[in-house]
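Residues per chain, in single letters:
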Amino acid sequence: VLARGEVVGGAYRVDCPLGRGGMGAVLRATDLRAGRPVALKVLLDGGGARAARFARAAELVARLDAVAGVVKVHARGEHRGLPW
């Protein structure tokens, strides 16, 4: 999907794959600004309705910042045509 060492969004360096499913992949990455590990989710088939649904889910989860047990969304974007 994305190569080790590749920088996504100008801030997240890909370290290694963590898992892969039907719609996407989750990669371990490093937030270069904060120096901390993060999970980077990439939508593999980034076309149309799936991409819109992926973006909407990220926006909604980002609003739940203070809810225990909910993954924090730091950023989202597109890299080489793949929504992340």
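Please read all numbers here as calculations on a predicted model, not as lab measurements.

A few points about the layout of surface pockets
When its volume is computed, the largest pocket comes out at roughly 570 Å³. Together, 21 residues line the largest pocket, and Ala39, Lys41, Phe54, Ala58 and Val73 are the ones closest to its centre. Among the secondary structure elements, those contributing two or more residues to the lining of the largest pocket are strand 3 (24–31), strand 4 (36–43) and helix 1 (48–62). It is helix 1 that contributes the most residues to the lining of the largest pocket, six residues altogether. Of the residues that constitute the lining of the largest pocket, the class distribution is 14 nonpolar, two polar and five charged.

Concerning the environment of Leu2
Here Leu2 lies in the segment before strand 1 (7–8). When the C-alpha atoms of Leu2 and Ala58 are compared, they prove to be 20 Å apart, with 56 residues separating the residues in sequence. Every residue in contact with Leu2, bar those within four places of it in the chain, is listed here: Val8, Val14, Leu27, Leu40, Val42, His79, Arg80 and Leu82.

Criteria and thresholds
- Residues numbered from 1 in each chain as written.
- Predicted model: local features only at pLDDT ≥ 70, side-chain atom pairs only at ≥ 80, totals over all residues.
- Heavy atoms only, no water.
- 1 Å grid on protein atoms, 1.4 Å probe; cavity = no way out; pocket = protein on both sides within 12 Å on 5 of 7 lines; lining within 4 Å.
- Points joined across faces, edges and corners; volume = space filled by probe spheres on them.
- Helix = DSSP H or I, 4+ residues; strand = E, 2+ residues; numbered from the N terminus.
- Nonpolar A, V, L, I, M, F, W, Y, C, P; charged D, E, K, R; others polar.
- Contact = heavy atoms within 4.5 Å.

By themselves, these are just geometric observations and shouldn't be taken as functional.
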